[in-house]
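Tertiary structure, described
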Amino acid sequence: MPEIFLIWLRILIDTALKGSLLIVLVGAVLFLWRKNSAADRSYIWASAIVAILLLPILSLSLPVWKLPILPAAATALGIATDLEAETTGAAFSPSRPPSDDEIAQPIPGSKPGITAWPRWALIIWSIGSFLVLAWLLVGRGTVWWIRRHAEPLDGKDWQELTRELSDHLQLQPEIQLVKSTSASVAITAGIKKPVVILPFFSGTWDEERRRVVLLHELTHIRRRDSLIEGITQAALILHWFNP
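From a predicted model like this one, the values you see are computed outputs, not experimental measurements.

What follows concerns the overall build of the protein. When helices and strands are counted, the protein shows 9 helices and 4 strands. Scanning the protein from its N terminus toward the C terminus, one meets helices and strands in the order α-α-α-α-α-α-β-α-β-β-β-α-α. Sorting the 243 residues of the protein into buried and exposed places 30% on the buried side. When contacts within the protein are restricted to residue pairs at least 6 apart in sequence, long-range pairs at least 24 apart make up 69% of them. Surface accessibility of the protein: about 15900 Å² in total, with carbon and sulfur atoms responsible for 65%.

Another aspect to go through is the packing of helix α2 (residues 38-58) against helix α9 (residues 225-238). Between α2 and α9, the shortest axis-to-axis distance is 10 Å and the interhelical angle comes to 35 degrees. The handedness of the crossing between α2 and α9 comes out as left-handed. Along the contact surface, α2 presents S42, A46, I49, V50 and L53, while α9 presents D225, I228, I231, T232, A234, A235 and L238.

Let us now look at the sheet that holds strand β3 (residues 187-189). Think of a sheet as strands paired side by side through backbone hydrogen bonds, with each pair either parallel or antiparallel. Overall, mixed pairing links the 4 strands, which are arranged β1-β2-β4-β3 in an open sheet. Each having just a single partner strand, β1 (151-152) and β3 make up the two edges of the open sheet. Taken strand by strand, helix α8 (residues 207-222) contacts β2 (176-180), β3 and β4 (195-199), and its axis lies near 150 degrees from that of β4.

With that settled, consider a nonpolar patch on the surface. Taken together, the side chains of W120, I123, I124, I127, F130 and L131 present a nonpolar region at the surface, about 660 Å² in accessible area. Within the fold, F130 resides in helix α6 (residues 116-148).

What follows deals with the pattern of salt bridges. If the charged atoms of two oppositely charged side chains come close together, the side chains can form a pair. Applying the stated criterion across every chain, the model contains 3 salt bridges. Here R223 makes a salt bridge to D225, at a shortest N to O gap of 2.9 Å. Judged by relative accessible area, R223 falls into the buried class, the value being 17%.

Moving on to the packing of aromatic side chains. For any pair of aromatic rings, the description rests on two quantities: the centre-to-centre distance and the angle between the ring planes. Tallied over the full model, the rule gives 3 aromatic pairs. A centroid spacing of 5.9 Å and a plane angle of 90 degrees characterise the contact between W240 and F241, whose relative ring orientation is edge-to-face. Classification of W240 as partly exposed rests on a relative accessible area of 29%. One aromatic cluster is present, formed by W158, F201 and W205 through successive ring pairs.

Another aspect to go through is unusual backbone geometry. Even without being a glycine, Q170 presents a positive backbone phi close to 60 degrees. With respect to the element layout, Q170 can be found in the loop between α7 (156-169) and β2.

Bringing the pairing of β2 into the picture now. The pairing of β1 with β2 spans 2 bridges and is classified as antiparallel. Bridge assignment links E151 to a residue of β2, and that residue is K179. Bridge count for β2 against β4 is 5 bridges, and the pairing is parallel. Bridged to V178 within β4 is I197.

So, on to α7. Counted at 1.5 Å a residue, the expected span for α7 with its 14 residues is 20 Å, and the 20 Å between its end C-alpha atoms agrees. Taken together, the buried positions of α7 are occupied by W158, L161, T162, L165, S166 and L169. Along the axis of α7, the buried residues cluster in a sector spanning 130 degrees; they form a single face. Turned more than 90 degrees from where α7 packs its buried face, K156, R163, D167 and H168 sit exposed. Where α7 terminates, the next one or two residues include Q170, which has phi positive at roughly 60 degrees.

What follows concerns the side chain of Q233. Looking at where Q233 falls in the secondary structure, it is placed in helix α9. At a separation of 3.0 Å, a polar atom in the side chain of Q233 contacts the side chain of R140. With near-sequence residues (within four places) excluded, Q233 lies in contact with L136 and R140.

Another aspect to go through is α2. Relative to the 30 Å expected for 21 residues at 1.5 Å per residue, α2 spans 29 Å between its end C-alpha atoms, a close match to the ideal helical length. Along α2, the largest kink reaches about 30 degrees and is centred on I52; proline P56 follows within four residues of it.

About the thresholds
Residues numbered from 1 in each chain as written. Predicted model: local features only at pLDDT ≥ 70, side-chain atom pairs only at ≥ 80, totals over all residues. Heavy atoms only, no water. Helix = DSSP H or I, 4+ residues; strand = E, 2+ residues; numbered from the N terminus. Buried < 20%, exposed > 50% of the residue type's maximum accessible area, 1.4 Å probe, protein only. Contact = heavy atoms within 4.5 Å. Areas by Shrake-Rupley, 256 points an atom, 1.4 Å probe, with all protein chains shown as cover. Axes fitted to C-alpha atoms, helices over the stretch in contact; angles between N-to-C directions. Left-handed = near helix turned anticlockwise from the far one by under 90°. Pairing = 2+ DSSP bridges. Patch = residues over 30% accessible without salt bridge, like charges linked within 9 Å, V, L, I, M, F, W, Y side chains within 5 Å. Salt bridge = Lys/Arg side-chain N within 4 Å of Asp/Glu carboxyl O. Phe/Tyr/Trp six-rings, centres within 6.5 Å; stacked < 30°, edge-to-face > 60°. Expected span 1.5 Å × (residues − 1). Arc of directions from axis to C-beta. Polar contact = N/O pair within 3.5 Å; in protein donor to acceptor, adjacent residues only side chain to side chain. Bend = angle between axes of the 7 residues up to and from the residue.

Here it is, written out as structure tokens:
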């Protein structure tokens, strides 16, 4: 197996273990601070997820956890060391390239196919990441389709309520309201130009329910939950195997 694949697998396992430890620590901290606001907890979780995404880069400067489950690079490449060559009686001079028979000579104590599993692990990880990415793209595409075919919600009562709640939450971007027959619940989409997609039957709601639903969706916008969701999905693509 090419050495670059083995290095990538080592980084993947190392970041998975460190990321799991980080999540456990963050979960413990949030449990102790469970009285904090939902916004504070959301920001802390988002910071932890960003740190997990940066772990492959940070691993270059952080200590690496050496695990005995992965073969050494030289063994994985089938390259015999001088000591191994002497043990098998196939010593050769460093100035002379090894013959085919010497390369094919098995390493004492090794088992056939012992280095095959890292290659399969990378293949399984790649397939899993592709499937997760496809699943997330389908979800994003569905929201985009609903948003594209939605109708503007221009009712005076909705617009006045939106301005009132936006001022209360100190929201800067202009919020667009739309309604769609494809939406069964309220949905918030977009980062720079957020849109609140409401079910088509939302026109039958009374004022109290309108206020509760709209306040909930505008709170998502204020916390930038769409951005946090995107970061979380990026982490999920890389670490889908990590419970």
